Amino acid sequence: MAEPLLSQRYIIEEKHEIEDITSNNLIQELMHNLPGYKNGFIRVKPSGFVFISETQIHLERIRKFEVRDDDIWICTFPKCGTTWTQELIWCLMNNFDFKTANSVNLDDRMVFFEYCTILDEVFDFSTDTIQQAADMASPRIIKTHLPFQMLPDQIRTREKTPKIVHVYRNSRDVCVSHYHHWKILKGFSGGFDLWAKLFLEGLGGYYGPFWKHVESYYCSQYDNIFFVKYEDMKKDLRSTIVAASNFIGCNKLSVNEISQLEGHLSFTNFQNSPTLNKQHLVNLCDKVGCSNQNEGAVFVRKGIVGDWKNYFRHDMSENFRQKDEELSDVTGIVMEDV
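Here is a short report on the structure shown in this document. (Residues numbered from 1 in each chain as written. Predicted model: local features only at pLDDT ≥ 70, side-chain atom pairs only at ≥ 80, totals over all residues. Heavy atoms only, no water.)

For the structure shown, the criterion picks out 14 salt bridges. Note that Glu19 and Arg43 form a salt bridge whose closest N and O atoms lie 3.8 Å from each other. Residue Glu19 is found in strand E1 (residues 17-20), and its partner Arg43 is found in strand E2 (residues 41-45); the two are separated by 24 residues along the sequence. Given the relative accessible area of 30%, Glu19 is considered partly exposed. With its nearest N and O atoms 2.8 Å apart, the salt bridge here joins Arg313 to Asp193. With Arg313 in the loop between helix H15 (279-287) and helix H16 (314-331) and Asp193 in helix H9 (residues 192-200), this pair connects stretches of sequence that are 120 residues apart. Connected through shared salt-bridge partners, Glu60, Arg63, Lys64, Asp153 and Arg156 make up one network. (Salt bridge = Lys/Arg side-chain N within 4 Å of Asp/Glu carboxyl O. Helix = DSSP H or I, 4+ residues; strand = E, 2+ residues; numbered from the N terminus. Buried < 20%, exposed > 50% of the residue type's maximum accessible area, 1.4 Å probe, protein only.)

With 18 residues, H16 ought to run about 26 Å at 1.5 Å a step, and its terminal C-alpha atoms sit 25 Å apart, in line with that. Looking only at H16, the buried set comprises Met316, Ser317, Phe320, Asp324, Leu327 and Val330. Across the axial projection of H16, the buried residues extend over an arc of 140°, all falling on one side. Taken together, the buried residues of H16 touch helix H8 (171-186), H9 and helix H10 (210-218). (Expected span 1.5 Å × (residues − 1). Arc of directions from axis to C-beta. Contact = heavy atoms within 4.5 Å.)

Tracing the backbone through its elements, the reader meets Ile74 in strand E4 (residues 72-76). Those residues within four positions of Ile74 in sequence are excluded, and the remaining contacts are Thr85, Gln86, Ile89, Met110, Ile141, Ile142, Lys143, Thr144 and Val165.

Bringing the sheet that holds strand E5 (residues 111-112) into the picture now. The sheet built from five strands is open, its strands ordered E5-E6-E4-E7-E8 with parallel pairing. The outermost strands of the open sheet, each flanked by one partner alone, are E5 and strand E8 (225-229). As judged from the four bridges shared by E4 and strand E6 (residues 141-144), these two strands associate in the parallel manner. Along E6, the bridge assignment pairs Ile74 with Lys143. Contacting E4, E6 and strand E7 (163-168), helix H3 (residues 82-93) crosses the sheet at an angle of about 165° to E4. Most of the contacts of helix H12 (residues 237-248) go to E8, to which it runs at about 170°, and overall it touches E4, E7 and E8. (Pairing = 2+ DSSP bridges. Axes fitted to C-alpha atoms, helices over the stretch in contact; angles between N-to-C directions.)

All we've got here are geometric facts, nothing functional implied.
Laid out in structure tokens, this is it:
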């Protein structure tokens, strides 16, 4: 079996060390193709994950955040089916309240824990999302893209044991979706080949490397966790609904409830629903000048499996396949060529 990608994966860091990686050649290329993020990028050690420079001032607050045992944390690398999973869990936890789901934005129903830590000066965003999460009534549903090593101390030490839902997806599909995300919401203008190179090196924006991120949850030895594979959700959403319901302790679902939730979670509904498609966020990014979008660009783009085949050359695909195999050696996860 291969050596773990994270050599210190079980260590609870007393203090994060910060490495400024702004001078890295690939980071320079990334910054050259972005309208914002002029303050640079950092690598948080010893885990090795990449963030914008502004994130470091919040790391201590994240570590010391007060967790509750009845929390549900939805933990994913970006573009792995996060929004889909959020809506699934919210509906299960709120007795299929489709009236509210269809009238209140998902972003207003559930907090994005570290959102205030990943925005640069382009955005006039004053909401302290960490404090917002602290002020929420129980039971809280909290979304995060943080790797396991950077979750609050109380989770990593098992002082508190909230439920964690972790979602992952084929690495190449993640890369393609991530590319469009950074074009539409961040203004990336460097083209897909450059983005794939950045993503492969763990430098495609923040939260990378992707493979380390996935491994951080699979090798966390945390017991109260439900693993979801995006491709399985696409293949058999009904089974995922039932399994998620069992995990969070809902009452047994009726056939009608499952069918209603399947319809609500359909791609067509997501694409057309103003409470789910995040068009308000796309419009905001366009307004403040940090978008590189064509007219009609959308956040909920395709929602399909295998779109990577329309973007990857053979040599690029092989580089990703090698990373997938290294992850599989450590975790048993198989990234299928779907």
